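The residues making up each chain are set out below.
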Amino acid sequence: MMNFEEIRSLDAEYIAHTYGRYPVAFTGGKGATLYGADGKEYIDFGAGIAVNTFGAGDAEWIEAVTAQLKKIQHVSNYYYSEPASKLAEMLCKRTGAKKVFFSNSGGEANECALKAARKYSFLKYGKGRAKIVSLKGSFHGRTLFTLTATGQEEFHRYFDPFVPEVGYAAPDMRDIEREADGSACAVIIECVQGEGGVNDLDPSFVRSLAEYCVRHDILLICDEVQTGNGRTGKLYSYEHFGVSPDIVTTAKGLAGGLPIGACLFFGKTENVLQPSDHGSTFGGNPVSCAAACNVLSRITEELLLEVQAKGEYLRAKLKGFDGVRSLSGLGLMIGIETAKDAKEVAARCLGKGLLVLTAHGKVRVLPPLNITKIEMDEGLSILKEVLR
Ligand SMILES: *Cc1c(COP(=O)(O)O)cnc(C)c1O
């Protein structure tokens, strides 16, 4: 086994330098406790950016994945496959969606949604209504279309020209109407913006937006890539807001640690995509889908109540800490505005054995949904010390 310095030097030499990494590598874990190559244990308040829904080393999940792995690891989309069929049924029955397209990542799920929105509008109204409106501060992915739809300037350096007909609105109806202006086919939102700094949208804005979209036959796309799959204490975060999106995208936590993306089409958009319109070699991979079936079957009403209770517990404790200015987010998706620099807080937490994330100047907490009280308390005590 390589030691940390060997791993780091190969990475520095051979991996494209797109990531700023913290100086640690992990060799294993159990739940929300990870084992470092340095021999230390770490409490995980990041879950691989909301991916490891049930943490590391989860026996039931490993059983579901390996059982499928022993059958067959991949089939092309020219053929049928049980795990994908079952997962699509589960997603539709749980949400009321009518059809699902599977991809491998959140960016691809959004790419699919944006393409489908343009086709929906083209079929019904012809040309001239291709515009996608996204919100300022949003994050929707790294493909050129989803990067264009990402409403943060710093992601847009170097890569122009961008996809035409994408506009950015502040989260208020006047700005939405100015941007949409008869030319929009869809508005894409995250009900809680993740990368943008764990910003909760105002529920009355989300409801007004949904009503406006219905009135103008503009599709409402909810990007649930980060907020989805139980993270906020509902299966999908739009459920907190009482709205009915036309398309929902999800990814990160859906398969609990294997690559997957899903684009869910509700009534109006059910049959927009037709043979050869869209595809993905790995989309619907049987191992990823078997993993996701296991994850979804365990996101029960009882688990969602636990997520809400754990979120409240963490918030109640954090509120009392010196150096905490404000809290945002829902459930186990928590943004902490700190008196100290967030990146410095994250680095110092790591040194003391706690992984936290940052997002746009805030500390961001996204633990596995099955984190234990002992793990929460250990993580909180490190955070308390570092924030003070
Ligand atoms: C992470 C994220 C994406 C991109 O997902 P990838 O799997 O990295 O392509 C898109 N939207 C939101 C809201 C995300 O948090």
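A. Just the packing of aromatic side chains, in detail. Considering all chains together, one arrives at three aromatic pairs under this definition. Look at Phe26 and Tyr42: their rings are 5.5 Å apart centre to centre, the planes differ by 85 degrees, and that puts the pair in the edge-to-face class. Linking Phe26 in strand 1 (residues 26-30) with Tyr42 in strand 3 (residues 41-44), this pair joins segments that are 16 residues apart in sequence. The side chain of Arg298 reaches across the aromatic face of Phe54, ending 4.0 Å from its centre.

B. Structural view of the side chain of Ser280. Within the secondary structure layout, Ser280 lies in the loop between strand 12 (261-265) and helix 9 (286-298). Owing to a relative accessible area of 16%, Ser280 belongs among the buried residues under this scheme. Among the polar contacts made by the side chain of Ser280, one reaches the side chain of Asn104 at a distance of 3.2 Å. When sequence neighbours within four positions are dropped, the list of residues in contact with Ser280 reads Asn77, Phe101, Phe102, Ser103, Asn104 and Glu108.

C. Highlighting the domain arrangement of the protein chain. If you check the domain split of the protein chain, you get domain 1 (4-53 + 322-387) and domain 2 (62-298). If you average the C-alpha positions of domain 1 and of domain 2, the two centres end up 27 Å apart. Facing the 22 residues of domain 1 at the interface are 25 residues of domain 2. In total, domain 1 and domain 2 occlude about 1800 Å² of area from one another, counting both sides; carbon and sulfur atoms represent 58% of this. Together, Leu330, Met333 and His360 form the three largest contributors to the area buried by domain 1 at its contact with domain 2, with a combined 34%. Along the contact surface separating domain 1 from domain 2 lie one salt bridge. At the boundary of domain 1 with domain 2, the tally comes to ten residue pairs in polar contact (both at pLDDT 80 or more). Looking at the side of domain 1 that touches domain 2, the elements with two or more residues in it are helix 2 (47-50), strand 13 (324-330), strand 14 (333-338) and strand 17 (362-365). Along the lines of polarity and charge, the residues of the side of domain 1 that touches domain 2 split into 13 nonpolar, seven polar and two charged.

D. Structural context of the site of the ligand. Every residue close to the ligand is listed here: Ser105, Gly106, Gly107, Asn110, Phe139, His140, Gly141, Glu190, Asp223, Val225, Gln226 and Lys252. Backbone polar atom of Gly107 to an oxygen atom of the ligand: 2.7 Å apart, as the coordinates give it. In this structure, Gln226 approaches the ligand through a side-chain N or O atom, which is 2.8 Å from an oxygen atom. Within the complex, 81% of the 380 Å² of free accessible area of the ligand lies under protein. Of all the elements, helix 5 (residues 106-125) adds the most residues to the shell around the ligand, at three residues. For the shell around the ligand, the class distribution of residues is two nonpolar, seven polar and three charged.

E. Local environment of the state of the cysteines. Evaluation of the coordinates by the stated rule reveals zero disulfides. The closest cysteine sulfur to the non-disulfide-bonded Cys289 is located on Cys293, 6.7 Å from its own sulfur.

F. Structural detail: the sheet that holds strand 1. Ordered by their spatial adjacency, four strands build an open sheet running 1-2-3-15, and the pairing between neighbours is mixed. Strands at the two margins of the open sheet, each flanked by one partner only, are strand 1 and strand 15 (354-355). Examined bridge by bridge, strand 2 (residues 33-36) and strand 3 share three bridges and lie antiparallel to one another. Bridge assignment links Thr33 to a residue of strand 3, and that residue is Ile43.

G. Examining empty space enclosed by the protein more closely. Per the counting criterion, the structure on display carries one cavity of 30 Å³ or more. Estimates place the volume of the largest cavity at around 40 Å³. Across the lining of the largest cavity, the residue classes break down as three nonpolar, five polar and two charged.

H. Geometry of the nonpolar core. Core analysis: the biggest nonpolar cluster contains 80 residues, and Leu91, Ile176, Ile189 and Leu383 have the highest contact counts within it. A per-element tally of this core places helix 9 first, with seven residues. Two domains each provide a minimum of three residues to this core, namely domain 1 (4-53 + 322-387) and domain 2 (62-298). If we ignore the near neighbours within four places in the chain, the residues touching Leu383 are Phe45, Leu318, Phe321, Ile336, Val345, Cys349 and Leu354. Listed in part, the 21 residues of the second largest apolar core include Phe101, Ala117, Tyr120 and Ile132.

I. Fine view of a nonpolar patch on the surface. A surface patch of nonpolar side chains, about 480 Å² in accessible area, is lined by Met2, Ile7, Leu10, Tyr14 and Ile15. Position of Leu10 among the secondary structure elements: in helix 1 (residues 4-14).

J. Representation of the packing of helix 7 (residues 173-180) against helix 8 (residues 203-216) within the structure. Put simply, helix 7 and helix 8 touch, their axes get as near as 10 Å, and they point 30 degrees apart. Looking at the two axes, helix 7 sits roughly parallel to helix 8. The element helix 7 and its partner helix 8 pack so that their crossing is right-handed. Here Met173, Ile176, Glu177 and Ala180 of helix 7 lie close against helix 8, whose contacting residues are Phe205, Ser208, Leu209 and Tyr212.

Basis of the calculations
- Position numbers for residues start from 1 in each chain and track the written sequence from start to end.
- A pLDDT threshold of at least 70 governs which residues receive local features in this predicted model, and a stricter bar of 80 or more applies before side-chain atom pairs are shown or counted, although totals over entire chains, interfaces and linings include all residues.
- Side-chain figures throughout are based on the complete set of non-hydrogen atoms in the structure, without hydrogens or water.
- Between 30 and 60 degrees the pair is tilted, below 30 it is stacked and above 60 it is edge-to-face, where a pair is any two Phe, Tyr or Trp rings, Trp via its six-membered ring, whose centres lie within 6.5 Å.
- Secondary structure counts use DSSP, requiring at least four H or I residues in a row for a helix and at least two E residues in a row for a strand, with both numbered from the N terminus.
- Here, a charge over a ring is recorded when the distance from Lys NZ or Arg CZ to the ring centre is within 6 Å and its angle to the ring normal is within 35 degrees.
- Only protein chains enter the accessibility calculation, which uses a 1.4 Å probe; a residue whose area is less than 20% of its type maximum is buried, one above 50% is exposed, and one in between is partly exposed.
- For the purposes of these results, a polar contact is taken to be a pair of N or O atoms within 3.5 Å, where, inside protein, one atom must be able to donate a hydrogen and its partner to accept one; residues adjacent in sequence count only when each atom of the pair is a side-chain atom.
- Whether two residues touch is decided by their heavy atoms; if any such pair falls within 4.5 Å, the residues are in contact.
- What counts as a domain boundary in this text is fixed by an automatic or database domain assignment.
- Here the quantity called buried area is the accessible surface, traced with a 1.4 Å probe, that two parts lose on coming together, added over both.
- In the sections that follow, a salt bridge refers to a side-chain nitrogen of Lys or Arg positioned within 4 Å of a carboxyl oxygen of Asp or Glu.
- When residues are grouped by polarity, Ala, Val, Leu, Ile, Met, Phe, Trp, Tyr, Cys and Pro land in nonpolar, Asp, Glu, Lys and Arg in charged, and all others, Gly among them, in polar.
- Near residues are defined by distance, with any heavy atom within 4 Å of the molecule or strand qualifying the residue.
- Surface accessibility in these figures is a Shrake-Rupley result with a 1.4 Å probe; residues are shielded only by whichever protein chains are displayed.
- Any two cysteine sulfur atoms within 2.5 Å of one another count as a disulfide.
- In short, DSSP must find at least two bridges between two strands for them to pair.
- Grid points spaced at 1 Å over the protein atoms alone were grouped into cavities, where a 1.4 Å probe fits but cannot get out, and pockets, open sets with protein on both sides within 12 Å along at least five of seven lines, with lining residues defined by an atom within 4 Å of a point.
- Grid points are joined across faces, edges and corners, and a volume is the space filled by probe spheres set on the points.
- The set of buried Ala, Val, Leu, Ile, Met, Phe, Trp, Tyr and Cys residues whose side-chain atoms join them within 4.5 Å is what this entry labels a nonpolar core.
- The patch calculation keeps residues exceeding 30% relative accessible area without a salt bridge and links them within 9 Å when they carry like charges or within 5 Å when they are nonpolar (Val, Leu, Ile, Met, Phe, Trp, Tyr).
- Between the N-to-C directions of two axes lies an angle of 0 to 180 degrees, each axis being a line fitted to C-alpha atoms and, for a helix, fitted only over the stretch in contact.
- Here the angle decides the label: under 35 degrees means roughly parallel, over 145 means roughly antiparallel, 65 to 115 means roughly perpendicular, and every other value means oblique.
- Take the far helix as the reference: if the near one is turned anticlockwise from it by less than a right angle, the crossing is left-handed, and if turned clockwise, right-handed.

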